[in-house]
Each structure stands twice: as C-alpha cells, then as structure tokens.
Amino acid sequence: MQTEENKDVIYYPEAGIKKAVEEFETPFFVYEEKRLRENCRNLRGAFTKYFPGVDGKGAFQPLYAVKANSNPEVLKIIISEGFEFDASSDTEVILGQKLKVGGMFTGNYNPASELKVAQDAGFILNLDDVSMLDFFVGDGALSVPETISFRINPGVGKATIASNVFAGPNAKYGVPFEKAYEAYEKAKEMGVKHFGIHMMTGSNVPMEDKDYFAGIIRKLFDIVADIKNKTGIEIEFMNMGGGFGVPYKPEEKSLDMEVVAKSIRGAFDEKCKEYGLKEPRLMAEPGRFIAADAGWLVSKVIVIKDSYKKFVGIDASSNDMPRPSIYGAYHHATVMKESDEKELVSIVGRICENNDQLAQDRLLQKCEIGDIVLIHNCGGHAFAMGHNYNGRPRHAEYLLQENGELRMIRRAETFEDLYKTTEV
Ligand SMILES: Cc1ncc(COP(=O)(O)O)c(C=O)c1O
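All figures in this text were calculated on a predicted structure; none of them were measured in a lab.

(A) Representation of the overall build of the protein. Helix and strand counts for the protein stand at 12 helices and 18 strands. For the protein, whose C-alpha radius of gyration is 23 Å, the value lies close to the compact-globule estimate of 22 Å for 424 residues. In terms of overall dimensions, the protein has C-alpha extents of about 70 × 55 × 45 Å along its principal axes. Across the 424 residues of the protein, 55% fall into the buried class. The long-range fraction of contacts in the protein, counting pairs at least 24 apart against all pairs at least 6 apart in sequence, stands at 69%.

(B) Representation of empty space enclosed by the protein in the model. Under the defined criterion, the tally for this structure stands at two cavities of 30 Å³ or more. Taken together, Phe221, Val224, Lys228, Ile233, Glu234, Ile235, Leu277, Lys278 and Pro280 make up the full set of residues lining the largest cavity. At three residues, the largest contribution of residues to the lining of the largest cavity is made by helix H8 (residues 212-231). Split into classes, the residues belonging to the lining of the largest cavity amount to six nonpolar, no polar and three charged. Its boundaries defined by the atoms lining it, the second largest cavity holds a volume of some 30 Å³. In terms of lining, the second largest cavity is formed by Asp8, Val9, Tyr11, Arg35, Asp293, Trp296, His376 and Asn377.

(C) Focus on helix H7 (residues 180-190). Residues of H7 that are buried include every one of Ala180, Ala183, Tyr184 and Ala187, and no others. Buried residues along H7 cover an arc of 95 degrees about the axis, so they all sit on one side. In the core, the buried residues of H7 are packed alongside strand S6 (147-153), strand S7 (175-176), strand S8 (194-198), H8 and strand S9 (235-239). After H7 finishes, the residue Gly191 shows a positive phi value of roughly 110 degrees.

(D) Representation of the packing of helix H3 (residues 33-50) against helix H4 (residues 72-80) within the structure. The interhelical angle for the contact between H3 and H4, taken along N-to-C directions, is 40 degrees, at an axis separation of 9 Å. Judged by the inter-axis angle, H3 sits oblique to H4. By crossing handedness, the relation of H3 to H4 is classed as right-handed. Between H3 and H4, the contacting residues are Glu33, Leu36, Arg37 and Cys40 on the first element and Val74, Ile77, Ile78 and Ser80 on the second. Of the residues assigned to the contact of H3 with H4, the class counts are five nonpolar, one polar and two charged.

(E) Summary view of helix H5 (residues 90-98). Considered for burial, the residues of H5 that qualify are Glu92, Val93 and Gly96. Projected onto a plane normal to the axis of H5, the buried residues spread over an arc of 105 degrees and lie on a single side. Along H5, the residues that are exposed and aim more than 90 degrees away from the buried face are Thr91 and Lys98. On its buried face, H5 sits against strand S3 (84-87), strand S4 (103-106) and helix H6 (112-120). Two residues or fewer after H5 comes Lys100, characterised by a positive phi angle close to 60 degrees.

(F) Layout of the nonpolar core. One finds Phe47, Phe150, Tyr184, Ile197, Phe213, Phe244 and Ile264 to be the most contacted residues of the largest nonpolar core, which totals 101 residues. Sorting elements by how many residues they give to this core places H8 first, with 10 residues. Setting aside residues no more than four positions away along its own chain, Phe244 makes contact with Leu43, Phe47, Asn204, Val205, Phe213, Leu255, Met257, Val260, Ala284, Pro286, Arg288 and Phe289. Tyr12, Phe28, Tyr398 and Leu406 belong to the second largest nonpolar core, which has 16 residues in total.

(G) Geometry of the packing of aromatic side chains. Evaluated as defined, the whole model comprises 17 aromatic pairs. For the pair Phe24 and Tyr398, a centre-to-centre distance of 3.8 Å together with 10 degrees between the ring planes defines the contact as stacked. Pair noted here: Phe24 is in the loop between helix H2 (14-23) and strand S1 (28-32) and Tyr398 is in strand S17 (residues 396-400), with a separation of 374 residues, a long-range link. By relative accessible area, Phe24 is classed as buried at 18%. Ring plane angle 15 degrees and centroid distance 4.6 Å describe the contact between Phe47 and Phe60, whose orientation is recorded as stacked. Here Phe60 lies in strand S2 (residues 60-65) and Phe47 lies in helix H3, a separation of 13 residues in the sequence. As far as burial versus exposure is concerned, Phe47 and Phe60 are alike and both buried. One aromatic cluster in this structure is built from Phe47, Phe60, Tyr212, Phe213, Phe244 and Phe289.

(H) Quick peek at the site of the ligand. In the vicinity of the ligand lie 16 residues, with Ser203, Gly243, Glu285, Arg288 and His381 positioned nearest. One of the backbone N or O atoms of Gly287 is found 3.0 Å from an oxygen atom in the ligand. The separation between an oxygen atom of the ligand and a polar main-chain atom of Arg288 is 2.7 Å. Burial of the ligand by the surrounding chains reaches 94%, relative to a free accessible area of 400 Å². When its residues are assigned to classes, the shell around the ligand shows four nonpolar, seven polar and five charged.

Rules and cut-offs
- In this convention, every chain numbers its residues from 1, walking through the sequence in written order.
- Note on the predicted model: pLDDT of at least 70 is required for a residue's local features to be given, and 80 or more for side-chain atom pairs to be given and counted; whole-chain, interface and lining totals, by contrast, use all residues.
- Each side-chain value is worked out from all heavy atoms of the structure, with water and hydrogens disregarded.
- Numbering of helices and strands runs from the N terminus; a helix is a DSSP stretch of H or I covering at least four residues, while a strand is a stretch of E covering at least two.
- Restricting the calculation to C-alpha atoms gives the radius of gyration, and the globule rule supplies 2.2 Å times the number of residues raised to the power 0.38.
- Residue exposure (1.4 Å probe, protein chains only): buried if accessible area is under 20% of the type maximum, exposed if over 50%, otherwise partly exposed.
- What makes two residues a contact is simply this: any of their non-hydrogen atoms within 4.5 Å.
- Put simply, the grid is 1 Å and covers the protein atoms alone, a cavity is a trapped set of points that fit a 1.4 Å probe, a pocket is an open set with protein on both sides within 12 Å along at least five of seven lines, and lining residues have an atom within 4 Å of a point.
- Grid points are joined across faces, edges and corners, and a volume is the space filled by probe spheres set on the points.
- For this classification, Asp, Glu, Lys and Arg are treated as charged, while Ala, Val, Leu, Ile, Met, Phe, Trp, Tyr, Cys and Pro are nonpolar and the rest, including Gly, are polar.
- By arc we mean the arc of the directions from the helix axis to the C-beta atoms, nothing more.
- Angles shown run from 0 to 180 degrees and are taken between the N-to-C directions of axes, each axis being a line fitted to C-alpha atoms and, for helices, limited to the stretch in contact.
- For classification purposes, an angle smaller than 35 degrees is called roughly parallel, one larger than 145 roughly antiparallel, one from 65 to 115 roughly perpendicular, and anything else oblique.
- Two helices crossing with the near one rotated counterclockwise from the far one by less than a right angle form a left-handed crossing, whereas a clockwise rotation gives a right-handed crossing.
- The definition of a nonpolar core used throughout is a set of buried Ala, Val, Leu, Ile, Met, Phe, Trp, Tyr and Cys residues joined through side-chain atoms within 4.5 Å.
- Geometry of aromatic contacts follows a simple scheme: Phe, Tyr and Trp rings, the Trp one being its six-membered ring, pair when their centres are within 6.5 Å, and the pair is stacked under 30 degrees between planes, edge-to-face over 60, tilted otherwise.
- The nearness test applies per residue and asks whether one of its heavy atoms lies within 4 Å of the molecule or strand.
- Identification of polar contacts relies on pairs of N or O atoms within 3.5 Å, with a donor-acceptor requirement for protein atoms, meaning one able to donate a hydrogen and the other able to accept it, and with residues adjacent in sequence counted only if both atoms are side-chain atoms.
- We get accessible surface area from the Shrake-Rupley algorithm with a probe of 1.4 Å; when it comes to residues, only the shown protein chains can shield them.

As structure tokens, this is what we get:
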C-alpha cells in the first residue's frame, strides 16, 4: 500500500498502468513523463539555485547519462528540460546529433575512431588516460581540440553495489590523481587551450551519504589547485559525474538535492577562497536519478510453482531487466491487486539461469495466474541493459504522457529483428 512514508519506491501511476494493461499485451515498460520532468526539475532547480550563473557565481549545466535510458522519446523530454548529453559511445553521440544536442563524451579504452565521431559532433572530449593524447600526434592523427577534460580517479569510490564503485585502486577508470598534472601539461604543450576536469566515483551513492558529493568537489579542487601550481592551467569547468542514489527499498529515502547542492556551494566557496581560484562552471551527469523511478516493468503471472519454495513465473525475465541477475540488485515488486492474503514467493522469469529471479523471497499479495506484477525502478539502467539471451526478444516501451494518454515509443522486437543481421 502507498503511504506518505514509502511513496518514493512504492509509487506507480495506477490509473495509467491499469489502462496500459487493458490496452496492450504484457510484458512491457511504462515510463511516466510527469515523473521524468519532476526529476529533471528537482535536480536542475536545486543546482541552479546555488549556481545561478550570475553575480560572479558559476553556472550549472546538467548533462544526462544517456546509457541509463536511451529511448529517443525519453531523451526528448530530458533535453526539453535543459539537459545536454553525457555520451559514452559513438552511437550515443550520433543519437545526440539526430536530436540536435551536444555535451560531453566520456568513454574509456576507446579507439581514435570513436573519439573522432565525438569530436566531429562538437562534444567535449573527456579523456580517461594520458595515453589517449597519442591519438592527436603523428600522421593521420586527430586534430588537437581547443578544449579537453580528463576523468580523474581520486583513489577512493563509493556505491551500494561493489561493481558500481568506479574509482579507487581496482577501478579501470580515470587518471590517478597524483599524475593528473602531467596529463594537463602534455595537453597544454600540444596546443589545447581550455580545460575541464571530471570525476565519477560510483553509482547509486546512498541517501545517507549526502555529504559525499561535496567531498568529491573538495577533492577535485585540491587536484585543480595542484594542476594550477604545477602547470599554470586554470580549470574552467568541473563535472562531478552522476551517481546520485535513488531509493530501491521501501525503507530507503530520496536524496535531498537541495541539501546536496547547498553543500557543494559551500565546498566551492571554501576551496576557491583557500586556493585563490576563479570559480569553474559546474556540471553533473546523472542517469538513475532522472530516469529510474519514472519507469516500471509490467508483467503477468503465467506459472505458479510449489517447489521447495513458491515460485511465481511471470512473462518478463532477467534479460528484460538484468540488474538483479548481474548485481543481485533489489527491485521492489508490487502485485496489482487489493488482497489481505499474503505469501512468501520469488518472482522468476523464463531464462535458463538460476539468477533469473527478479524479486527473491518477498512477502507479496497471494498471486493467481493472470495477476499483474510490477517491477519498480525500471526507468533507468533497466531496458538499456537488456539482452536477447535464450532468443528472448525485448519488449515494447510506452510513454504515459502528461495528458494521461499512452503512446508506444518502441515496439516489441520480433524473430525477424533478432536475425536481420544474419542469413537465416
Ligand atoms: C561516466 C558516467 N557518468 C554517469 C553515469 C550515470 O550514473 P548514475 O546513473 O548512477 O547517475 C555513469 C554510469 O555508469 C557513468 O559511467
């Protein structure tokens, strides 16, 4: 049941999803335009309050991590809220070109050809290592860009899931912070004129760590000051990455963006004064915070099995939303019916892997064949991570528009889609 306390995770647009179930075959994803826009405004509003871009205070530019949900209709909504792209591949850059938006390209271990696509599209290149500067030297090299940023590994990272820790000694990302100045110096010698700095330390940083982001900023300023001392380079923009956590479990709380932005303002004031720095422009590149709680995977119960445990088989599987299977991630499940009768069940799919358990050992409304089961927080890093294992086509995506109408924004895949790159 939805209450004021648990509404963050348990929330779903009941009337819209009921209508979708009446009109369309399950399984499918539904994204809610209203919540997408609210999330964009919540983040952008909090940051622009403290980084208004007037009176000598730096401006704030939000980017959206396209990898979280790259459906073009979802992207159009986010772009219309003032976000540019954080692109991680040449394909995401091309998508940006088609939707007429620029931004920053943050890849890792990419070939020169991929950087060229981003450079030609006017994206700021955010390089993952000093060795990538070699792509700009010698015969047939890329032209040296006016502006460059480096992704820095601060030596520590944080996330709720171990493989979502993106910094520290075991992380494959970024330039070790002690060596950062060498990368900037080399770029300056090559003719680069403008510089930025980037850090992305982890994904889904938990709510109770609201000071974590100000800590990242402080660390970035220490590195910025070191670069300035050693090379004379003034860093003009600072991208603090994404990673803002969202509640997945009913007892978890939403990150208070106002508090986060205010603490970052404090870190800016403190560090610019300490080091005598001109304030850089601030950027952030959230994915999950914008999209995750604006989407649901809607499925139907097709098999109920009384085994050593009770398994409820639905018509969606881990290939549709792999987070539980790859990280053991928790996603809340709701059986859409009013009933006081509850039982302990595991919600499973049809993939031939035992980790195809979308919700394990949950006390849920007693299920019957045909009941509708929602998996929450499926707007970001959900469909986008999906795959076709076991020959399973991916399902349709619908947008619940602000006017209450539903619109198909991606049709379901067919056998022909899966094999169109072969001779079968
Ligand atoms: C470089 C980079 N930026 C931003 C993001 C978005 O992270 P989140 O969705 O946790 O905000 C990711 C996620 O993998 C990332 O790798």
